[in-house]
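Letter by letter, the chains look like this.
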Amino acid sequence: MTTRLSPKLLGTLLVALALLVAPLTLGGEEYVLRVLTVGATYAIAVYGMNLILGLTGQLSLAHGGFFGIGVYVVGLLTTDYGWTFWPSLLVAVAATAVGGYVAGIVALRTREEYFAIFTMAMGFIIFLVISRWESVTHAHSGVSGVKFPEGFGVLDFSEPVVMYYLVLLFLLGAGYVTYAVRRSGIGRTLVAIRTSEDLARSIGVNVGLNKQLAFAASTTLAGLGGGLFAAVQGFVGPSAASIDLTFEMLMFILVGGLGTVMGPVVGTFVVLFLFEYFQDFEAYRFIVLGPIIVALVIFAPRGIVGYLNAFADARRSRSPGGRADATGPPTGELDPPPTTTPAGSTTETREAL
Amino acid sequence: MTLFIQQLFEGLALGGVYCLAAIGLTLVFGVLRIPNLAHGALYMLGAYVTYFFLVSVGVPYVAAIGMAAVVLAVIGIALERLVFHPLRNAPHTHHMIAAVGAMFFFQSVAQAIWGADFRRMDSPITGSVTILGTQVSWQRIVIVVTAVLVLGLLTWFIKRSVHGRTIEAIEQDRTGSSLVGISPSKVSMLTFGLAAALVTIAAGLVAPINLLSPTMGDALSLKVFAIIILGGLGSLPGAIVGGFALAITEVMTSTYVSAVAGEVVAFVVIVLVLAIRPTGLFARAVQR
Amino acid sequence: MTLLEARGLGKHFGGLHAVQDVDLDVHPGHVTAIIGPNGAGKSTLFNLLAGFYRPTSGTVRMDGRDITGMSPHRIVAHGIARTFQTTSLFGDATVLDNVLSGRIVRSRSTVVDAVLHTPRHRREERTNLDKAMEVLEFTGLTEYRNDLAARVPQEAQKRVSIALALATEPQLLLLDEPAAGLTEEETEGFARLIRRIVDRGVTVCLVEHRMSMVMSLADHILVLDHGREIASGTPDAVRTDPQVIEAYLGTHHDDGPDHNADSNSADHNSADHNSADKNTTGRDVAGRGAEKGGNTC
């Protein structure tokens, strides 16, 4: 019965600390702070992708599109229509929630492959609407003058630092919700669906409804991130709804770790950092992105956090009293499968291990 | 009336292109059980490589398409070996993610080599002929004839030749086929190569009509998926019927309703089919 | 009173009638077995009962309620759980997590409860854990609880599948060839487990090819051939039914119900022994040797 801090908790605290302290160590470098804040808005959206892809195992290629909806709802309402920020954000979140729920009706009826195709089509249409509908969305001219959130008392969100902490607060919320979902029956439901839909049905899981709800939750987070992004950037264009953004987020979550709690944060910031560091190679960025995604999926599908978790679990089970005795509560850790073992739940041959 | 007939030929030509593009995709799905999201990118590369042979190297039009088809067949096989084969035991989402990565890669490479701007590719086939009182360009006629020819050859190949029949065998029963000595690996490679070649022919035929751009594959991807969902994943006749059906619907919609509506047709088809009859028109027995 | 009642149940695919006009009565506390040569439609029948196929004709009633055509997850909620022919469990989760998954259908707390960590949520998690541990102990899997399900020995994996189904608190458990691929000893162990499941209050219905297991366990047997019901009754009645013998002999199986009686005179004793002694399972001593031959499905 040691009071040793578990490595996972320690890791989480370190990351949280780093994020909290970051602005103070920058010495007023506004550009870097802006990148961090934008990164945090992306990370919120990536938590959404983590939910639908990492936990539920459904690939949504419309994610960038829903981020874009969030961006444009806030962007347009606060400029063309003169709304203030908070109500606009509320509408953005509501719109993406409802949109995801309605689109999810198709998700109810489709198998994995169809779902990816359907969301690809959806993402394409969203981008088409945003980039072509001049009268409403200003098409390629974009929208500028997006308002900052109104402050309360001492808090003035036009101050970059304050804005950063606001986004961080939402990020923390997204992370916590993921954590709560993962270790609960909901998490088990989603992972069951990811592993085998038929098996999930056979234990009483309403697969269709859960997929629909998970999708709606993912689009809501994307919309939330998008709305905050609009306020941070002040200016938005159709690229915020493009499929390029979906790919980038895919990369963030793959690097970070599908299905993990810290994956979205770690992945997003690591990759953005690398992008910034290799900025000179901006032109080649997209050429390299593709093969990296492929390589990650083939060789390292569990991502940084996924492998760290596995390492920590392996060490724990090797230590004395770590296995058969019930010294602690059950783990409830539900990590995604590595590529080399069959993904399904049927095991027909005797395992040699 | 003349407009209608003209648009009908337009639709037929487009249908020919769509069929060629869709067949490869539906075959790959039948054999590998995964939607190759990089298919549109192969189409785009096919167009650019044809452009390269025709314009930069100066090879005659038909030869340029043929050579490009060979090059793309090789790229298709490489894609299968390097990306899909290593993932054969992974969850389907991993395949799709990897395909997306490959797509991104192809697009970036095309952009790096040829730039992001539109390019024209001029076909040597010019002029038009009068059919039923309307002007129909020779290019379009060539497209329809070529499409029918290729489809005929392909059907013969798949139904009659030994190699072609292995594709059908694997589609129906992967395990059983391997037990009688058919190598799923070889069939996968063959199918991918074939799909890439077919889609290149489609691209080469239609490129002179539309402009080339690195993102030209995206719109097509959507349409081709709509076609194979409509026709039924894995079904060859489905791809053909679906291809022509979608093309004619699209052309008529954009003529008589609006251009934007024409682009949205494919999306509407996807939604309708998934909502009403998810297995498509020619549902294969392979569906559970 | 019947627990599960199927009347005129049928399923056809295109022109093929996989199951046709089948009547089935499952009584609480009994073990009902469904047997028949390969292709007889046993799995199809199971899929129909569990909701994985929608019947093209007939009705199914559970505890008096009409459940015909209900989707699988609702059927589980109504108290019917099933296992699959190939061992199915969540391979990349621990054994405990697997069984906890079985508790999903009986859990009431929502996402909101989970996020807010409400007392209801905490209470339910604790209850689920207790029940999961109890099922693990019942199926003898406690030592494996923190192991990855895919890494556990195959026989234990089959027990995990059963534990998973039991965790859903079913009234009726449908076991699809539970003894497939097991050794004699393991099969006996399973037969004992099934007896204990019934003693626990869960009615069992199984599809099985291992005749020794079927004959010693079953209170009632339904025989299918080519999708139709050809016999239904006690093991003794079925064993001597000429139509049943014909069905098996015709398809050249040596795992027919009468195989034991045919090849070994000592079996007559064991047959009596078994019919008199329903509570001891799998002790088909003479028959075991005789049927060691070809018993894989």
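Residues numbered from 1 in each chain as written. Chains lettered and ligands numbered in written order. Predicted model: local features only at pLDDT ≥ 70, side-chain atom pairs only at ≥ 80, totals over all residues.

Below, the discussion takes up the overall build of chain B. A count of helices and strands for chain B gives 11 helices and two strands. Listing the helices and strands of chain B from first to last along the sequence gives α-α-α-α-β-β-α-α-α-α-α-α-α. A globule of 288 residues ought to have a C-alpha radius of gyration of about 19 Å, and chain B, at 18 Å, matches this closely. Expressed as lengths along the three principal axes of its C-alpha atoms, the size of chain B is roughly 60 × 45 × 35 Å. Classification of the 288 residues of chain B by burial places 52% in the buried group. Looking at chain B alone, contacts between residues at least 24 apart form 76% of all its contacts between residues at least 6 apart. (Helix = DSSP H or I, 4+ residues; strand = E, 2+ residues; numbered from the N terminus. Rg over C-alpha atoms; globule rule 2.2 N^0.38 Å. Buried ≥ 20, exposed ≤ 12 C-beta atoms within 10 Å, placed from the backbone. Contact = placed C-beta atoms within 7 Å.)

To continue, consider the sheet that holds strand S2 (residues 16-26) of chain C. Residues and elements named next belong to chain C. With antiparallel pairing, four strands are arranged side by side in an open sheet as S2-S1-S4-S5. The open sheet is flanked by S2 and strand S5 (65-66), the only strands paired with a single partner. Here helix H1 (residues 42-50) sits on the sheet and contacts strand S1 (4-13), S2 and strand S4 (57-62); the angle it forms with S2, its principal contact strand, is near 65°. (Pairing = 2+ DSSP bridges. Axes fitted to C-alpha atoms, helices over the stretch in contact; angles between N-to-C directions.)

Attention now goes to the UniProt feature "transmembrane region" (unreviewed entry) in chain B. Residues annotated in UniProt with the feature "transmembrane region" (unreviewed entry) correspond here to residues 12-34, 41-59, 65-84, 96-116, 136-158, 187-212, 224-248 and 255-276 of chain B. Helix makes up 89% of residues 41-59 of chain B and strand 0%. Its end C-alpha atoms lie 23 Å apart. (UniProt positions renumbered as here; feature names shortened; annotations may be inferred.)

This next bit is on the interface of chain A and chain B. At the junction of the two partners, chain A supplies 35 residues and chain B supplies 35 residues. Those elements that provide at least two residues to the side of chain A that touches chain B are helix H4 (85-109), helix H5 (112-132), helix H11 (243-256) and helix H13 (282-299) of chain A. In terms of residues, the side of chain A that touches chain B owes the most to one element, H5 of chain A, which gives 12 residues. Here the residues of the side of chain A that touches chain B sort into 26 nonpolar, five polar and four charged. (Nonpolar A, V, L, I, M, F, W, Y, C, P; charged D, E, K, R; others polar.)

The next subject is the sheet that holds strand S10 (residues 228-233) of chain C. Residues and elements named next belong to chain C. With mixed pairing, the six strands of this open sheet are ordered in space as S6-S7-S8-S3-S9-S10. The two strands at the open ends of the sheet, each matched to only one other strand, are strand S6 (80-82) and S10. Adjacent strand axes in the sheet meet at a mean angle of 20°, parallel and antiparallel pairs treated alike. In terms of strand pairing, strand S3 (residues 31-35) meets strand S8 (residues 203-207) through four bridges, oriented parallel. Following the sheet pairing, Thr32 is matched in S8 by Cys205. Of the strands in this sheet, S3, S6, strand S7 (172-176), S8 and strand S9 (220-225) touch H1, which is tilted by about 150° from S7.

Here we take up the confidence of the model for chain B. A low pLDDT score tells you not to read the predicted coordinates there in detail. Residues and elements named next belong to chain B. Model confidence for chain B is summarised by a mean pLDDT of 85, while 98% of its residues fall at 70 or above. Looking over chain B, one finds the lowest element-wise mean pLDDT in strand S1 (residues 128-131), namely 75, and the highest in helix H3 (residues 61-84), namely 93. Across the assembled chains, the prediction reports ipTM 0.82 with pTM 0.84. (pLDDT = per-residue confidence, 0-100.)

Time to look at the packing of helix H3 (residues 63-79) of chain A against helix H10 (residues 207-233) of chain A. Residue and element names in this part refer to chain A. Packing of H3 against H10 leaves a shortest axis separation of 7 Å and a crossing angle of 45°. When the axes of H3 and H10 are compared, the pair comes out oblique. In the crossing of H3 with H10, the sense of the turn from one axis to the other is right-handed. Residues His63, Phe66, Phe67, Gly68, Ile69, Gly70, Val71, Val73, Val74 and Gly75 of H3 form the contact with H10, whose participating residues are Thr219, Ala222, Gly223, Leu224, Gly225, Gly226, Gly227, Phe229, Ala230 and Ala231. A per-class count over the contact of H3 with H10 returns 11 nonpolar, nine polar and no charged. (Parallel < 35°, antiparallel > 145°, perpendicular 65-115°, else oblique. Left-handed = near helix turned anticlockwise from the far one by under 90°.)

Our next topic: the environment of Val206 of chain B. All names here are of chain B. With respect to the helices and strands, the residue Val206 is situated in helix H8 (residues 184-206). Counting along the chain gives 83 residues from Val206 to Ser123, while the straight-line C-alpha distance between them is 9.6 Å. Not counting residues within four places of it along the chain, the set of residues in contact with Val206 comprises Val17 and Ile143.

Turning our eyes to something else, we now look at the nonpolar core. When a protein is soluble and globular, its nonpolar side chains tend to lie buried together. Ranked by internal contacts, the top residues of the largest apolar core, which has 290 residues, are Ile44 and Ile293 of chain A together with Val17, Ala102, Ala202 and Ile229 of chain B. Those residues in contact with Ala202 of chain B that lie beyond four places of it in its chain are Val17, Leu20, Ala21 and Tyr43 of chain B. (Core = buried A, V, L, I, M, F, W, Y, C linked by C-beta atoms within 7 Å.)

If a residue is not glycine, its phi is most likely negative; likewise, a peptide bond is most likely trans. Residues and elements named next belong to chain C. One non-glycine residue, Glu169, lies in positive phi territory at about 50°. Tracing the backbone through its elements, the reader meets Glu169 in the loop between helix H6 (154-166) and S7. On the basis of neighbour count, Glu169 is assigned to the partly exposed category, with 17 C-beta atoms found within 10 Å. Even without being glycine, His226 reaches a positive phi, approximately 50°. Among the structural elements, His226 can be located in the loop between S9 and S10.

Owing to its 3.6 residues per turn, the α-helix aligns residues three or four sequence positions apart on the same side. The buried fraction of helix H8 (residues 185-195) of chain A is high, at 11 of 11 residues. Within the sequence span of H8 of chain A, burial applies to Gly185, Ile186, Gly187, Arg188, Thr189, Leu190, Val191, Ala192, Ile193, Arg194 and Thr195 of chain A. As for H8 of chain A, its buried residues are in contact with helix H2 (30-55), helix H7 (160-182), helix H9 (197-202) and H10 of chain A together with helix H3 (95-102) and helix H4 (111-116) of chain C.

The next thing to look at is the environment of Leu211 of chain B. Residue and element names in this part refer to chain B. Among the secondary structure elements, Leu211 is positioned in the loop between H8 and helix H9 (216-231). Through-space distance from the C-alpha of Leu211 to that of Tyr18 is 16 Å; in sequence the pair is 193 residues apart. Leave out the neighbours within four places in its chain, and Leu211 touches Phe118, Arg119 and Arg120.

The next thing to look at is the packing of H2 of chain A against H10 of chain A. Residues and elements named next belong to chain A. Interaxial distance between H2 and H10 falls to 7 Å at its minimum, and their mutual angle equals 175°. Looking at the two axes, H2 sits roughly antiparallel to H10. Across the contact of H2 with H10, the residue classes break down as 17 nonpolar, nine polar and no charged.

A few words now on the UniProt feature "transmembrane region" (unreviewed entry) in chain A. Residue and element names in this part refer to chain A. Taking the numbering used here, the UniProt-annotated feature "transmembrane region" (unreviewed entry) corresponds to residues 37-54, 61-79, 85-107, 114-133, 162-181, 213-237, 249-274 and 286-308. In this annotation, residues 61-79 is assigned 89% helix and 0% strand; the end-to-end C-alpha distance for the span is 29 Å. As a span, residues 286-308 carries 87% helix and 0% strand, and end to end its C-alpha atoms are 28 Å apart.

On to the confidence of the model for chain A, then. Averaged over all residues, the pLDDT of chain A is 82; the fraction at 70 or higher stands at 85%. Scored below 50 in pLDDT, residues 321-353 of chain A makes 66 contacts in the model with residues more than four places away or belonging to other chains.

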